[in-house]
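Summary of the model geometry
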Amino acid sequence: MIDLEGLAGIRTSLEADGYEIDVTEGERVEVVISATPDACAECLVPASVMVPILEHALKVPGDRIDLTYPEGHET
Amino acid sequence: MGSLIMDPTGQTTRAEAEMRLARRPESLRGRTVGLLDNGKQNAGRFVDELGKVLAERYSIGGVVLRKKPVATVDAPAELLDDLHDSVELVVIAVGDCGSCSAAAVADGIALERLGTPTAVVCTESFKATADAMAVVRGASGYRYATVEHPMAGLPADEVRARAEGVADEVVSLLVDAAVRRGAA
């Protein structure tokens, strides 16, 4: 079970930079981060950094997380 | 001077590592403070105003201004070494986006490990990112100061107000011995 409070915190941070986050939990945790038209491209950390951030915030092991980033963003 | 304490059993995970912060002075009086502008909009104005407030309220000895070449990634090691060699304390500002908040916290932790007491300032919206980066860098519970979001786009008088409002919190991070116990 993901930590909903942690998810809310990450969502607040992402929304401040113009991003949205959707999380679906099953056997694995699917995280999709998408850019709004107002997104700040350089403000989103690389996916390699986001995974441990999500691991901490959602309180799930990083190897259970499948992360999808906005197309064209550095991974 | 700063050191990282790891579990001698070798069982400590990255997230559980305990970091001991650099030794703090009893006060800022007469101390030279490094002000690291991370390059975000209004960060330079903010650290400049914060330096003035620290001089007015805490009689610091002077400031040394430095600027990060890129806000959104860790500062170059040469820049952190230069600050460590040049000043006694450092303030880093401002974490006003996801990547720059994470990078500011990473820089603060790196300076603590060099032995330089450091206070990082982020805007409130990025606490989750800043907290998580602290864990990633082995400093769970690392404390930093926060100001209202955003900093970018504020007029000069509001930047000054942000600096005035957060100055005491910044000082408590730089001199308060209790902070060292809080970084577990």
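Residues numbered from 1 in each chain as written. Chains lettered and ligands numbered in written order. Predicted model: local features only at pLDDT ≥ 70, side-chain atom pairs only at ≥ 80, totals over all residues. Heavy atoms only, no water.

1. Here we look at the overall build of chain A
Per the secondary structure count, chain A includes two helices and three strands. Tracing chain A from N to C terminus, the helices and strands come up as α-β-β-α-β. Scored against the burial criterion, the 75 residues of chain A give a buried share of 39%. Put simply, 51% of the contacts in chain A that link residues at least 6 apart link residues at least 24 apart. In the form shown here, chain A has an accessible surface area of approximately 4000 Å², with 49% of it arising from carbon and sulfur atoms. (Helix = DSSP H or I, 4+ residues; strand = E, 2+ residues; numbered from the N terminus. Buried < 20%, exposed > 50% of the residue type's maximum accessible area, 1.4 Å probe, protein only. Contact = heavy atoms within 4.5 Å. Areas by Shrake-Rupley, 256 points an atom, 1.4 Å probe, with all protein chains shown as cover.)

2. A word on the pattern of salt bridges
Taken as a whole and assessed by the stated rule, the structure comprises 14 salt bridges over all chains. As a salt-bridge pair, A:Arg28 and A:Asp66 come within 2.7 Å of each other at their nearest N and O atoms. With A:Arg28 in the loop between strand S1 (19-25) and strand S2 (29-35) and A:Asp66 in strand S3 (residues 65-68), this residue pair connects regions lying 38 residues apart in the sequence. Classification of A:Arg28 as partly exposed rests on a relative accessible area of 35%. Notably, a salt bridge pairs B:Glu88 with B:Arg31, separated by 3.1 Å at the nearest N-O pair. On the criterion of sequence distance, the pair formed by B:Glu88 in the loop between helix H2 (77-86) and strand S5 (89-95) and B:Arg31 in the loop between strand S2 (18-20) and strand S3 (32-37) is long-range, its members being 57 residues apart. Classification of B:Glu88 by relative accessible area gives partly exposed; the value is 35%. Through salt bridges with shared partners, one network takes in B:Asp48, B:Glu49, B:Lys52, B:Glu56, B:Arg160 and B:Glu164. (Salt bridge = Lys/Arg side-chain N within 4 Å of Asp/Glu carboxyl O.)

3. A few points about the state of the cysteines
All names here are of chain A. Throughout the structure, instances matching the rule amount to one disulfide over all chains. The side chain of Cys40 participates in a disulfide bridge whose partner is Cys43; the two sulfur atoms lie 2.0 Å from each other. When the S-S torsion is 65°, as for the bridge of Cys40 with Cys43, the disulfide is right-handed. (Disulfide = S-S within 2.5 Å.)

4. Section: the packing of helix H1 (residues 43-58) of chain B against helix H5 (residues 156-175) of chain B
Residue and element names in this part refer to chain B. Between H1 and H5, the shortest axis-to-axis distance is 8 Å and the interhelical angle comes to 55°. Between H1 and H5, the interaxial angle falls into the category oblique. By crossing handedness, the relation of H1 to H5 is classed as right-handed. Here Arg45, Phe46, Glu49, Leu50, Lys52, Val53, Leu54, Glu56, Arg57 and Tyr58 of H1 come into contact with H5, specifically with Ala156, Val159, Arg160, Arg162, Ala163, Glu164, Val166, Ala167, Asp168, Val170 and Val171. (Axes fitted to C-alpha atoms, helices over the stretch in contact; angles between N-to-C directions. Parallel < 35°, antiparallel > 145°, perpendicular 65-115°, else oblique. Left-handed = near helix turned anticlockwise from the far one by under 90°.)

5. Things to note about unusual backbone geometry
All names here are of chain B. The residue after Ala93, namely Val94, is reached through a cis peptide bond having omega 5°. Relative to the assigned elements, Val94 resides in strand S5. Located in the positive-phi region is Asn42, a residue other than glycine, with phi close to 75°. Positive phi is not limited to glycine here, since Ser59 has a value of about 55°. Considering the arrangement of structural elements, one finds Ser59 in the loop between H1 and strand S4 (62-67). Its relative accessible area of 29% is what places Ser59 among the partly exposed residues.

6. What about the interface of chain A and chain B?
The interface is formed by 15 residues belonging to chain A together with 19 residues belonging to chain B. Looking only at chain A, the three residues that lose the most surface to chain B are A:Ser13, A:Ile53 and A:His56, adding up to 36% of its buried area. In this structure, the connection of chain A to chain B is made through zero salt bridges. Of all the secondary-structure elements, those providing two or more residues to the side of chain A that touches chain B are helix H1 (4-16) and helix H2 (47-58) of chain A. Counted by class, the side of chain A that touches chain B contains eight nonpolar, four polar and three charged residues. (Buried area = accessible area lost by both parts, 1.4 Å probe. Nonpolar A, V, L, I, M, F, W, Y, C, P; charged D, E, K, R; others polar.)

7. Points about a negative patch on the surface
Residues B:Glu124, B:Glu148, B:Asp157 and B:Glu158 make up a contiguous surface patch of negative charge. For B:Glu158, the location among the structural elements is in helix H5. (Patch = residues over 30% accessible without salt bridge, like charges linked within 9 Å, V, L, I, M, F, W, Y side chains within 5 Å. Lys, Arg positive; Asp, Glu negative; His and termini not counted. Charge placed at Lys NZ, Arg CZ, Asp CG, Glu CD.)

8. Side note on the sheet that holds strand S6 (residues 118-123) of chain B
All names here are of chain B. Ordered in space as S4-S3-S5-S6-S7, the five strands form an open sheet in which the pairing is parallel. Whereas interior strands pair on both sides, the edge strands pair on one side only; in this sheet they are S4 and strand S7 (145-147). Neighbouring strand axes in the sheet, compared pairwise and without regard to direction, differ in orientation by 20° on average. Relative to S7, S6 runs parallel, the two being bridged by three bridges. In the sheet register, Thr123 faces S7, and the bridge partner there is Val147. (Pairing = 2+ DSSP bridges.)

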